[in-house]
Protein chains: 2
Amino acid sequence: MLLSKSCVYGVQAAIYMASLPRNEYVSIQEIAGKLNISFHFLTKVLQNLTQAGLLVSYRGPNGGVALARHSSAISLADVIDSIDGSDVFKECLFGLPGCGVADPCPAHEHWTTMRSRLHHLCSTLTLEELGKRANQLNVRLANAHGPMNPAKLLATMNGNVDATAV
Amino acid sequence: MLLSKSCVYGVQAAIYMASLPRNEYVSIQEIAGKLNISFHFLTKVLQNLTQAGLLVSYRGPNGGVALARHSSAISLADVIDSIDGSDVFKECLFGLPGCGVADPCPAHEHWTTMRSRLHHLCSTLTLEELGKRANQLNVRLANAHGPMNPAKLLATMNGNVDATAV
DNA sequence: CAAATTTCAGATAAACTACTCTTAATACAA
DNA sequence: TTGTATTAAGAGTAGTTTATCTGAAATTTG
Ligand code: SF4
Ligand code: SF4
């Protein structure tokens, strides 16, 4: 996978927040529940985003996290950068150290054009746009089942479908 | 990284073999040495490629591995498929299970176009072409330093530069 | 046949990623 | 004030990936 799972979770959570009618504090528990992500794990991921200045957080009852800027001012690349680092769009297909134009590998030329296209796409895709799409029909955000643990596994085997999925 | 390290090693080795003037048996030790890859690890990786039918192997002195077909008949995608599986070009940016057109996430449309371009690129890039480029000036194949171990680290700190790199 | 060279196979260890759990710190509400 | 809901922080666990090591099987050479 190009992105780490942490990063994917962060992106999903960000899109979820952008899909809400108003930008208000949402508890991480709610996000984790809706997206079928481990609460504790998502907490860590979103901490990265608050420290990066993309989210603001508020502790205590009715607290939670909210977008620090308008959803139109946050790009997909912003979120990815904050979690997986900016190397995602700089590193190459082969991940060799010290790559560059001066000393390229045979695939360099082909790859860099792909890579810059991908970077451009992610930089121009705003959370606003992604949030809007998330609100349209037949578009989903949540993981199908979320991380499996023995209890959940048992529940699914008993025919209980998790109803928290969007 | 999009590709696993195993896969990268396999691709590098394949390109190295394709860059040779004639397709003859090359010992894995030689390849590992030139590319600064752990010999034992590369052995396992190339086993995958031989089992996938991309390489043929021969045991004993003067044995080694060689390309099973002409380098023009092996694509980059072939190598990647054999090691990391064919999901690399099928799975999505977010790696969600059970994704598809019927139930897409907000970024689906954008991503699939990128993905198919990448797949097309890798499918049409042959080892022959990559090997030719590898033979041109200023083009390299090897890892800069290879996997570090305490002894090597010490050596580099003492100013010894590994001379096995291409 | 014996020795050397090479891939093949499997066990083991180290490193990393994903995930869980516990404890604090903070802020609101009764 | 006291209790509770919430994020913050960090330690701990499990699984996967990466790398190392050892021995066996195959093949050539002498
Ligand atoms: S030369 Fe380019 S394509 Fe090749 S490994 Fe370096 S950055 Fe990647
Ligand atoms: S809908 Fe498309 S882009 Fe979204 S997670 Fe699935 S395959 Fe990926």
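Data block above holds the structure.
Thresholds, definitions, all that
- Numbering of residues begins from 1 in every chain and follows the order in which that chain's sequence is written.
- Working convention: letters from A go to chains and numbers from 1 go to ligands, in the order in which they are written.
- At least 70 in pLDDT is required for a residue's local features to be given in this predicted model, at least 80 for side-chain atom pairs to be given and counted, and no such filter applies to totals for whole chains, interfaces and linings, which use all residues.
- Computation of side-chain values: all heavy atoms of the structure, hydrogens and water removed.
- Only buried residues count toward a nonpolar core. Its members are Ala, Val, Leu, Ile, Met, Phe, Trp, Tyr and Cys residues joined through side-chain atoms within 4.5 Å.
- Here's how the labels work: a residue is buried when its accessible area is under 20% of the maximum for its type, exposed when over 50%, partly exposed in between, all with a 1.4 Å probe on protein chains only.
- Should any heavy atoms of two residues lie within 4.5 Å, those residues are counted as being in contact.
- We define proximity as follows: a residue is near a molecule or strand when any one of its heavy atoms falls within 4 Å of that partner.
- Secondary structure elements follow DSSP: runs of H or I no shorter than four residues count as helices, runs of E no shorter than two count as strands, and numbering proceeds from the N terminus.
- Three classes are used: nonpolar for Ala, Val, Leu, Ile, Met, Phe, Trp, Tyr, Cys and Pro, charged for Asp, Glu, Lys and Arg, and polar for all others, with Gly counted as polar.
- We call Phe, Tyr and Trp rings a pair once their centres come within 6.5 Å, taking the six-membered ring for Trp, and we label the pair stacked below 30 degrees between planes, edge-to-face above 60, and tilted otherwise.
- An arc is given here, and it is the one of the directions from the helix axis to the C-beta atoms.
- The term polar contact refers here to a pair of N or O atoms within 3.5 Å; inside protein, the definition further demands a hydrogen-donor-capable atom paired with an acceptor-capable atom, and it admits residues adjacent in sequence only when both atoms are side-chain atoms.
- Only the stretch in contact is used when a helix axis is fitted, and all axes are lines through C-alpha atoms; the angle between N-to-C directions ranges over 0 to 180 degrees.
- Any angle that is under 35 degrees is reported as roughly parallel, and any over 145 degrees as roughly antiparallel; angles of 65 to 115 degrees are reported as roughly perpendicular and all others as oblique.
- Each helix crossing is assigned a hand: it is left-handed if the near helix lies turned anticlockwise from the far helix by less than a right angle, otherwise right-handed if that turn is clockwise.

A. Just the nonpolar core, in detail. Counting 99 residues, the largest nonpolar core has Ile31 of chain A together with Ile31 of chain B as the members making the most contacts within it. If sequence neighbours within four positions are ignored, isoleucine 31 of chain B has contacts with Ala13, Tyr16, Met17, Val26, Leu42, Leu46 and Val65 of chain B.

B. Spatial organisation of the protein's contact with DNA strand C. The environment of DNA strand C is formed by 24 residues, the closest being Ser38, Tyr58 and Arg59 of chain A together with Ile28 and Ser57 of chain B. Across the atoms of DNA strand C situated within 4 Å of the protein, the share located in sugar and phosphate is 65%. Put simply, the parts of the chain that give the surface near DNA strand C at least two residues each are α1 (5-19) and α3 (39-51) of chain A together with α3 (39-51) and β1 (55-58) of chain B. Ranked by residues supplied to the surface near DNA strand C, first place goes to α3 of chain B with 4 residues. In terms of residue class, the surface near DNA strand C is built from 9 nonpolar, 11 polar and 4 charged.

C. Structural context of the packing of aromatic side chains. Residue and element names in this part refer to chain A. Throughout the structure, instances matching the rule amount to 4 aromatic pairs over all chains. Between tyrosine 25 and tyrosine 58, the aromatic rings sit 5.5 Å apart at their centres with planes inclined by 45°, giving tilted as the arrangement. On the criterion of sequence distance, the pair formed by tyrosine 25 in the loop between α1 and α2 (28-35) and tyrosine 58 in strand β1 (residues 55-58) is long-range, its members being 33 residues apart. The partly exposed category is assigned to tyrosine 25, whose relative accessible area is 37%.

D. Examining the protein's contact with DNA strand D more closely. Near DNA strand D, the surroundings consist of 25 residues, among which Ile28 and Ser57 of chain A together with Ser38, Arg59 and Pro61 of chain B are the closest. Each atom of DNA strand D within 4 Å of the protein was classed as base or backbone; sugar and phosphate made up 64%. Where the surface near DNA strand D is concerned, the elements lending two or more residues are α2, α3 and β1 of chain A together with α1 (5-19) and α3 of chain B. By residue number, the principal contributor to the surface near DNA strand D is α3 of chain A, which donates 4 residues. Residues belonging to the surface near DNA strand D are distributed by class as follows: 8 nonpolar, 13 polar and 4 charged.

E. Structural view of helix α2 (residues 28-35) of chain B. Residues and elements named next belong to chain B. Ile28, Ile31, Ala32 and Leu35 are the residues of α2 that are buried. Along the long axis of α2, the arc covered by the buried residues comes to 95°, so they all point the same way. In this fold, the buried residues of α2 make contact with α1, α3 and β2 (64-67).

F. Representation of the environment of methionine 114 of chain B within the structure. Note that methionine 114 of chain B resides in helix α5 (residues 108-124). Sequence separation between methionine 114 of chain B and glycine 131 of chain B is 17 residues, and the spatial gap between their C-alpha atoms is 26 Å. Beyond its immediate sequence surroundings of up to four residues, methionine 114 of chain B is in contact with Met114, Arg117, Leu118 and Leu121 of chain A.

G. Representation of the side chain of arginine 133 of chain B. Structurally, arginine 133 of chain B is set in helix α6 (residues 127-135). Only 3.3 Å separates the side chain of arginine 133 of chain B from the side chain of histidine 110 of chain A, close enough to count as a polar contact.

H. Structural context of the packing of α1 of chain A against helix α6 (residues 127-135) of chain A. Residue and element names in this part refer to chain A. Axis separation between α1 and α6 bottoms out at 8 Å; the angle between their running directions is 75°. As far as their axial angle goes, α6 and α1 are roughly perpendicular. Residue-level contacts link Ala14, Ile15, Ala18 and Ser19 of α1 to Leu127, Leu130, Gly131, Ala134 and Asn135 of α6. Considered class by class, the residues forming the contact of α1 with α6 number 6 nonpolar, 3 polar and no charged.

I. Seen up close, the packing of α3 of chain B against helix α4 (residues 76-84) of chain B. Residues and elements named next belong to chain B. Remark: α3 packs on α4, axes separated minimally by 9 Å, with the N-to-C direction vectors making an angle of 110°. Classified by the interaxial angle, the pair formed by α3 and α4 is roughly perpendicular. As for the relative orientation of α3 and α4, their crossing is right-handed in sense. Along the contact surface, α3 presents Val45, Asn48 and Leu49, while α4 presents Val79, Ser82 and Ile83.

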